[in-house]
Amino acid sequence: MVRGERDHRRWRADLAAHLLGALEPAEAEALEAHIESCERCREELRWLRPAVDVLPESVPPLEPPPQLRERLLTEVRADVAAERPAAARPGRPASMPFGARLRGLFRRPVLAIGLTVIALIAAVAGGYALRGGGQGSSTFHSSSAGPVQATVIRKGDSGTMELTGLRELPSSRVYEAWVQQGHRLRPSSLFDARRNGRASAAIPHRLSGADAVLVTVEPDGGSGQPTSKPIVAVPLSS
Amino acid sequence: MLAVGEKDPEAFAVFYDRHGGAAYSLAYRIVGDRSGAEDVTQEAFLSIWRSGARYDRARGSVRSWTLGIVRNRAIDSLRRRAGPAPKLDFDDEAALEQRPADDLTDEQALQRESARQLRTALDELPSEQSKVIELAYFGGFSHSEIAEMLSMPLGTVKGRMRLGIEKIRMQIAEGVP
């Protein structure tokens, strides 16, 4: 038996274990170095690989929770918004501080009225909150009778929001959630409505001490400050 | 896939819709609980998104590549927990049967049937071969750990892996499932 054949047979025995991820790191590294120079091993690896690729397909399918999809999409949209140059966002200069943007917001009559109404709602809506939804969590419902209804489930500083009655938006627009504390509005997650008018959104931060969660329609990629009137508000008073 | 690499959220949503179910199911099979499976699936998809989706066509289909990432994340999660060894023979079918039939879409029903056929193909392997394959792939054990666990020579473990994988490969070549 020539040396090359002996070498090949020695390494060949490891190919299945390698595909199964069962070799120790040093062994895997040595095998990969051999494969670089051994066409027969490469061919065998190509032949065997589909047998390992089907293993995950042998698992009975389970339906992932819809909140998982929403959380992922919230994260990726937040990444895109963060990477987008601030100057490219419509409606405000890149270097404008948050307080000035907020003052600018309140100079717009329609928005000012809307937010004042919401602040009043938040102030008088004590007792509307319902306790429940699991250990350490509180559930709050939107207070208006409009077509869009929302429920926020808060746990600690974060929470999730479920909405109904939403319309599907064109691709150039997106729903954006905001956390209101006093006169301060902080942007939260971006989300789309499903065809049935429902949506779920994560509110990952800053719910402790917040007065309300609002939702507006914004340009795709989201905004640093609201550019339209809120379509729904959920007071967080308890 | 190209669009995912170009950071297009809509393309990412389509990508998730295609492979998220299989990813979650695989993660659940490995870590054994729904909360852990959610975390693993989320970590895996975000790593794909944030790494710019370095998909290498030579390593197989997009789906296999994705599920390989999920599998690695799930095994890492198991090791981080450093808890009891993963369950090797919990009854996936029984867990699935507990769900009402109308929870399944047509596509899921087909997937389920396909999974069942593959499961049958795996079940037809001699148990000593399927055991080492499951310990390695779903349990994340190395061949030397398996040899110690089953008190058998390392060469025997490698040989059984090889025989089992070759049999599955032949069944695929013959059109099963």
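Note on numbering: residues in each chain are counted from 1, in written sequence order. Chains carry letters and ligands carry numbers; both start at the beginning, A for chains and 1 for ligands, and go up in the order they are written. Local features are withheld for residues below a pLDDT of 70 in this predicted model, meaning they are given only at 70 or higher, and side-chain atom pairs are given and counted only at 80 or more; totals for whole chains, interfaces and linings count all residues.

Participant: Kindly report on the overall build of chain B, identifying the contributing residues and their values.
Facilitator: Helix and strand definitions here come from DSSP, where helices need a minimum of 4 consecutive H or I residues and strands a minimum of 2 consecutive E residues; each element is numbered from the N-terminal end. Across its full length, chain B holds nine helices and zero strands. For chain B, the succession of helices and strands along the chain, N to C, is α-α-α-α-α-α-α-α-α. Among the 177 residues that make up chain B, the fraction classed as buried is 35%. With C-beta atoms placed from the backbone, a contact is any residue pair whose C-beta atoms sit within 7 Å. Here the analysis covers contacts within chain B between residues at least 6 apart in sequence; of these, 66% occur between residues at least 24 apart. Each residue is classed by its C-beta neighbour count within 10 Å, where at least 20 other C-beta atoms makes it buried, 12 or fewer makes it exposed, and intermediate counts make it partly exposed; the C-beta atoms are placed from backbone geometry.

Participant: Kindly report on the environment of Val62 of chain B, identifying the contributing residues and their values.
Facilitator: Mapping Val62 of chain B onto the fold places it in helix H4 (residues 62-81). The spacing of Val62 of chain B and His19 of chain B is 43 residues in sequence and 9.2 Å in space, taken between C-alpha atoms.

Participant: For the interface of chain A and chain B, give the residues involved together with the corresponding values.
Facilitator: Counting residues at the interface gives 38 residues for chain A, matched by 49 residues for chain B. Counting only elements with at least two residues in the side of chain A that touches chain B, the list comes to helix H2 (15-19), helix H4 (39-53) and helix H5 (66-83) of chain A. Looking at which element gives the most residues to the side of chain A that touches chain B, the answer is H5 of chain A, with nine residues.

Participant: Run through the confidence of the model for chain B, naming residues and quoting values.
Facilitator: The predicted coordinates of low-pLDDT regions are not to be read in fine detail. All names here are of chain B. Across chain B, the average pLDDT comes to 78, with 69% of residues at 70 or higher. Along the chain, pLDDT gives the predictor's confidence residue by residue, from 0 to 100. When pLDDT is averaged over each element of chain B, helix H8 (residues 143-150) comes out on top at 93 and helix H5 (residues 92-97) at the bottom at 36. In the predicted complex, the global pTM is 0.56; the interface-specific ipTM is 0.77.

Participant: Which residues make up H4 of chain A, and what are the values?
Facilitator: Here the expected span of a helix is defined as 1.5 Å times the quantity of residues minus one. Look at H4 of chain A: 21 Å from first C-alpha to last across 15 residues, which is about the 21 Å you get at 1.5 Å a residue. All buried positions along H4 of chain A are accounted for by Cys41, Leu48, Ala51 and Val52 of chain A.

Participant: Residues and numbers for the sheet that holds strand S5 (residues 173-181) of chain A, please.
Facilitator: All names here are of chain A. If DSSP finds at least two bridges between two strands, the strands pair. Read across the sheet, four strands follow the order S6-S5-S8-S9 without closing on themselves; strand pairing throughout is antiparallel. Of all strands in the sheet, those bounded by a partner on one side alone are strand S6 (184-191) and strand S9 (232-235). Within the sheet, the average angular offset between the axes of one strand and its neighbour, ignoring direction, is 30°. A fitted line through C-alpha atoms represents every axis, and for helices the fit uses only the stretch in contact; the resulting angles, taken between N-to-C directions, go from 0 to 180 degrees.

Participant: Which residues make up the confidence of the model for chain A, and what values go with them?
Facilitator: All names here are of chain A. On average, residues of chain A score 75 in pLDDT, and 72% of them are at 70 or above. Mean pLDDT per element in chain A: strand S1 (residues 130-131) is the minimum at 35, and H2 is the maximum at 95. The low-confidence segment residues 89-135 (pLDDT under 50) makes 56 contacts with residues lying over four places distant or belonging to another chain.

Participant: For the pairing of strand S7 (residues 199-203) of chain A, give the residues involved together with the corresponding values.
Facilitator: Residues and elements named next belong to chain A. By the criterion of burial, S7 is predominantly enclosed, with five of the five residues buried. Going residue by residue along S7, you find Ala199, Ala201 and Ile203 tucked away on one face and Ser200 and Ala202 tucked away on the opposite face as well. In the sheet, strand S4 (residues 158-164) pairs with S7 via five bridges, with the strands oriented antiparallel. Residue pairing across strands places Leu163 opposite Ala199, the latter belonging to S7.

Participant: Could you give me a rundown of the packing of helix H2 (residues 9-31) of chain B against H4 of chain B, with the residues and numbers involved?
Facilitator: Residues and elements named next belong to chain B. As a packed pair, H2 and H4 sit with axes 9 Å apart at the nearest point and diverge in direction by 30°. Comparing the axis directions of H2 and H4 gives the class roughly parallel. As H2 runs across H4, the sense of the crossing is right-handed. The residues of H4 that touch H2, namely those facing His19, Ala22, Ala23, Leu26, Ala27, Ile30 and Val31, are Arg63, Thr66, Leu67, Val70, Arg71, Ala74, Ile75, Ser77 and Leu78. Three classes are used, and their members are as follows: Ala, Val, Leu, Ile, Met, Phe, Trp, Tyr, Cys and Pro are nonpolar, Asp, Glu, Lys and Arg are charged, and the others, Gly among them, are polar. For the contact of H2 with H4, the residue count by class is eleven nonpolar, three polar and two charged. Here the angle decides the label: under 35 degrees means roughly parallel, over 145 means roughly antiparallel, 65 to 115 means roughly perpendicular, and every other value means oblique. Crossings are assigned a handedness: left-handed for a near helix turned anticlockwise from the far helix by less than a right angle, right-handed for a clockwise turn.

Participant: Explain the packing of H2 of chain B against helix H3 (residues 34-50) of chain B residue by residue, including any values.
Facilitator: Residues and elements named next belong to chain B. One way to put it is that H2 packs onto H3 with a least axis distance of 8 Å and a crossing angle of 140°. With respect to their mutual orientation, H2 and H3 come out oblique. Classified by chirality, the crossing of H3 by H2 is right-handed. Across from Phe12, Tyr16, Gly20, Ala23, Tyr24, Ala27, Tyr28 and Val31 in H2, the residues of H3 making contact are Arg34, Gly36, Ala37, Val40, Thr41, Ala44, Phe45 and Trp49. Of the residues that constitute the contact of H2 with H3, the class distribution is twelve nonpolar, three polar and one charged.

Participant: Give me the environment of Ala30 of chain A: which residues, what numbers.
Facilitator: Within the secondary structure, Ala30 of chain A sits in helix H3 (residues 25-37). Of the residues examined, Ala30 of chain A has 14 C-beta atoms within 10 Å and is grouped as partly exposed.

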